[in-house]
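Here are the chains, one letter per residue:
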Amino acid sequence: MSRFEEPAYLYLLLLLPLLVAFYLYSNYRRRKAIRRFGDPVLMASLMPRVSKYRPDIKFSILLIAIGMFALLLARPQFGSKLETVKRQGIEVIIALDISNSMLAQDVQPSRLEKAKRIVSQLVDKMENDKVGMIVFAGDAFTQLPITSDYISAKMFLETINPSLISKQGTAIGAAINLATRSFTPQEGVGRAVILITDGENHEGGVDEAIRKATEKGIQVNVLGVGSPDGAPIPADGDNDYRRDRQGNVIITRLNESMCQELAQKGKGIYVRVDNTNNAQRAISKEIDKLAKADVETQVYTDYNEQFQAVAWIILILLLGEMLILECKNPLFRNIHLFSKE
């Protein structure tokens, strides 16, 4: 695998055809000038030390050196190198509710889209931290294992929608249990779960899941999305709303008291998500309080600079160009004559 760090310098290679044209034109002018003095064959016999090919060789070497210098400026990078990187940060698992109730639009543009924007802003503010994502409805599964690859985190975030889980419900307990198991085994690092939900129709096992999390030093924070007054859930494919079996429009409401209780038991904070950025600022401030530690000592691959090799090639070419004389070496000529005798 190879690339150039500064590819703009490769445009200098366009000078090479111009230099060749100038050299050929100069040779033409020189031969034309020689013809004014006499027959070129006779002139060559009168100047036995003048080499016909050495100037061309010297120019070719110089031309290659100039081309290699352009490559040098472009900073060629080949292969890879291994580096050990240590980072100080925290670990955060985001558990995002993707049940159908999160499609309600009492928070613009919808509960789910607003939650995703908050997560995106949180990821943007991370530097040396690790983040993982869990989605849940009637069940929970890992959308993104804990990582420091923020680009992948945002890519996975964009793909989240309620169709990822067909089983409806709000399995908060299962999500917290899965989040607890998703952290790295490293000791001393601050850990937090950010639960984003409207808290409606949650299933059992939540208290036990939070207890296990706090026993492991994991803080559980809750972002409640929606309004207590509630809103209808848009239906797929038309402008109507979801209805129950009796034909009544379903109204989904934020279970704020339950969310506050979960945050209290999880030794975290509860923040209600509205149409402002207050929730994102509050949760960012809270997780910044967590203890930072060496969250990873990893070996990663990077491009390896190869300009040193190119520089050595240029140096050898220039030395060769200097050592090649335009005239024939008299020493070699005398040896040649002596061998004939």
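A. Molecular detail of the overall build of the protein. A count of helices and strands for the protein gives 11 helices and 11 strands. A burial count over the protein gives 41% of its 341 residues as buried. For the protein, the proportion of contacts with a sequence separation of at least 24, taken over those separated by at least 6, is 81%. Just so you have it, the protein exposes about 19700 Å², and 57% of that area is on carbon and sulfur atoms.

B. Structural context of the nonpolar core. Counting 34 residues, the largest nonpolar core has Ile194, Ile196 and Leu223 as its most contacted members. Contributing elements (two or more residues each) for this core: strand E3 (91-97), helix H4 (111-125), strand E4 (130-136), helix H5 (150-158), strand E6 (191-197), strand E7 (218-225), strand E10 (270-273) and helix H9 (278-287). The element that contributes the greatest number of residues to this core is H4, accounting for six residues. Sequence-distant contacts of Ile194, that is, excluding residues within four places in its chain, are made with Val92, Ile93, Ile94, Ala95, Leu122, Asn221, Leu223, Ile283 and Ile287. Within the second largest apolar cluster, 27 residues are counted, among which are Ile172, Ala175, Ala213 and Met258.

C. Expanded view of the environment of Lys114. Note that Lys114 resides in helix H4. Overall, the relative accessible area of 8% leaves Lys114 in the buried class. In this structure, the C-alpha to C-alpha distance between Lys114 and Gly226, residues 112 residues apart in sequence, is 9.7 Å. Residues in contact with Lys114, not counting those within four places in the same chain, are Val107, Gln108, Pro109, Val273, Asp274, Asn275, Thr276 and Asn277.

D. Seen up close, the packing of aromatic side chains. Under the counting rule described, the total for this entry stands at one aromatic pair. Between the aromatic rings of Tyr23 and Phe59, the centroid separation amounts to 3.9 Å while the plane-to-plane angle is 5 degrees, which identifies the pairing as stacked. Highlighted residues: Tyr23 in helix H1 (residues 15-37) and Phe59 in helix H3 (residues 54-73), separated in sequence by 36 residues.

E. Expanded view of the sheet that holds E4. If you trace the six strands from one edge of the open sheet to the other, you get E5-E4-E3-E6-E7-E10, paired in mixed fashion. Among the strands making up the open sheet, the edge pair consists of strand E5 (140-147) and E10. Going from strand to strand, the sheet's axes swing by 15 degrees on average, the running direction of each strand aside. Note that E7 and E10 share four bridges and pair parallel. Bridge assignment links Val222 to a residue of E10, and that residue is Tyr270. Packed on one face of the sheet, H5 meets E4 and E5 and runs near 15 degrees to E4.

F. Representation of helix H6 (residues 172-182) within the structure. Summarising burial for H6: eight of the 11 residues are buried, a large majority. Looking only at H6, the buried set comprises Ile172, Gly173, Ala175, Ile176, Leu178, Ala179, Thr180 and Ser182.

G. Geometry of the pattern of salt bridges. On inspection of all chains with the given rule, the structure shows 12 salt bridges. Note that Glu91 is salt-bridged to Arg191, the shortest N-O span being 3.2 Å. Taken together, the positions of Glu91 in strand E3 and Arg191 in strand E6 put the pair 100 residues apart, joining distant regions of the chain. It is possible to trace a salt-bridge network through shared partners that takes in Asp106, Arg111 and Asp198.

H. A look at the environment of Ala231. Among the secondary structure elements, Ala231 is positioned in strand E8 (residues 231-232). The sequence separation of Ala231 and Ala104 amounts to 127 residues, and the corresponding C-alpha distance is 5.9 Å. Setting aside its immediate chain neighbours within four residues, Ala231 contacts Ala104, Asp106, Arg111, Ile250, Ile251 and Thr252.

I. Representation of unusual backbone geometry. Looking along the chain, the bond that leaves Gln108 and enters Pro109 is cis, with omega of 0 degrees. Its location among the elements puts Pro109 in the loop between E3 and H4.

J. Helix H7 (residues 206-215), seen in detail. For H7, the set of buried residues is Val206, Ala209, Ile210, Ala213 and Thr214. Down the axis of H7, the buried side of the element spans an arc of 130 degrees, and every buried residue falls inside it. In this fold, the buried residues of H7 make contact with H6, E7 and helix H8 (256-265). Taken from the residues just after H7, Gly217 is the one with a positive phi, measuring 80 degrees.

Definitions and cut-offs
- Position labels on residues start from 1 in each chain and follow its written sequence.
- Per-residue local features of the predicted model are confined to residues with pLDDT of at least 70, and side-chain atom pairs are confined, for both listing and counting, to 80 or more; whole-chain, interface and lining totals are unaffected and use all residues.
- Side-chain descriptors were evaluated using all non-hydrogen atoms of the structure, hydrogens and water having been removed beforehand.
- Here a strand is any run of E in DSSP of at least two residues, a helix any run of H or I of at least four, and the numbering for each starts at the N terminus.
- Only protein chains enter the accessibility calculation, which uses a 1.4 Å probe; a residue is then buried when its area is under 20% of its type maximum, exposed when over 50%, and partly exposed in between.
- Every residue pair with non-hydrogen atoms within 4.5 Å of one another is taken to be in contact.
- Accessible areas in this description were obtained via Shrake-Rupley with a 1.4 Å probe; residue shielding takes into account the shown protein chains only.
- For the purposes of this section, nonpolar cores are sets of buried Ala, Val, Leu, Ile, Met, Phe, Trp, Tyr and Cys residues that join through side-chain atoms within 4.5 Å.
- Side-chain rings of Phe, Tyr and Trp, where Trp is taken by its six-membered ring, are said to pair if the distance between their centres is within 6.5 Å; with planes under 30 degrees apart they count as stacked, over 60 as edge-to-face, and otherwise as tilted.
- Strand pairing is defined by DSSP finding a minimum of two bridges between the two strands.
- Whenever a helix is involved, its axis is fitted only over the stretch in contact; in every case the axis is a line through C-alpha atoms, and angles between N-to-C directions fall within 0 to 180 degrees.
- Think of a salt bridge as a Lys or Arg side-chain nitrogen and an Asp or Glu carboxyl oxygen that are within 4 Å of each other.
- Relevant arc is that of directions from the helix axis to the C-beta atoms, nothing else.

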